[in-house]
Amino acid sequence: MLLRYSIVFFLFISVLSIAKAQEVTFEQALLREINLMRQHPQYYADHVIKPFARYYRGRYIYLPKRGRITSSEGTRALYECVRALKSTQPLKPLSYSADLAAAACLHVADQSRSGRTGHKGSNGSFVADRVELFVEWKKSVAENIFYGPMSARETLVFLMIDDGVRDRGHRKNFLSPDLKYVGISRGYHPIYTKMVVIDFAGGVEDKQ
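Residues numbered from 1 in each chain as written. Predicted model: local features only at pLDDT ≥ 70, side-chain atom pairs only at ≥ 80, totals over all residues. Heavy atoms only, no water.

(A) Spotlight on the overall build of the protein. Scanning the protein from N- to C-terminus turns up eight helices and seven strands. Looking at the protein residue by residue over its 208 residues, the buried ones come to 44%. Considering only intrachain contacts with a sequence separation of at least 6, the fraction spanning at least 24 residues in the protein is 71%. For the protein, the accessible area works out to roughly 11800 Å², and carbon and sulfur atoms hold 56% of it. (Helix = DSSP H or I, 4+ residues; strand = E, 2+ residues; numbered from the N terminus. Buried < 20%, exposed > 50% of the residue type's maximum accessible area, 1.4 Å probe, protein only. Contact = heavy atoms within 4.5 Å. Areas by Shrake-Rupley, 256 points an atom, 1.4 Å probe, with all protein chains shown as cover.)

Right, dumping it as structure tokens:
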């Protein structure tokens, strides 16, 4: 009997260990979400972005366990995003770059200390400067930043809707066929609790 319980306990611990090893990080989850959206834009419009409208009450968004969030445009930007995705042809998935992730992590670490927001680092650097510390970028480079303790899917939805951003720059970066590589870093922010930096490049090449 003791042997039987010992075997059961061992199997239980083994299952827990395997589950622990298979846990997906926020960065991995967000990359999967981005590539799902790029490869299946019409699906994402109908099954992810459009249903998000149920959380809106005028200009306010009431997400479960997130409290009230104030939008600038109400559902106008959301339905504009739906139309944009429906008119988008499927795109190739973004390839992960550890070097781009390192550049993103650098900005997260900086703003975790300073409490600042935006793309400019406390040393005056911008995304191209930070990326060039780790890798040579080709064709183009871009950066999206999100502040707040949201899930990977919620983070992408808010950035894709791009409420209050006149040129919809975040959305354009996600849907750009010229951007082929991405690196993601999430960390602490003293004002917004969490922040996410997403760095993109058209190509990457090891520094000589």
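(B) Quick peek at the pattern of salt bridges. Per the stated rule, a full pass over the model turns up ten salt bridges. Note that R168 is salt-bridged to E73, the shortest N-O span being 2.8 Å. Pair noted here: R168 is in the loop between helix 7 (152–161) and helix 8 (169–174) and E73 is in the loop between strand 3 (67–70) and helix 4 (75–86), with a separation of 95 residues, a long-range link. Taken as a pair, R168 and E73 share a single burial class, namely buried. For K207, the salt bridge goes to E136, with nearest N and O atoms at 3.6 Å. Placement of K207 in the segment after strand 7 (193–205) and of E136 in strand 5 (residues 136–147) is noted, with a sequence separation of 71 residues between them. Among the charged side chains, a salt-bridge network with shared partners connects E73, R76, E80, R168 and R171. (Salt bridge = Lys/Arg side-chain N within 4 Å of Asp/Glu carboxyl O.)

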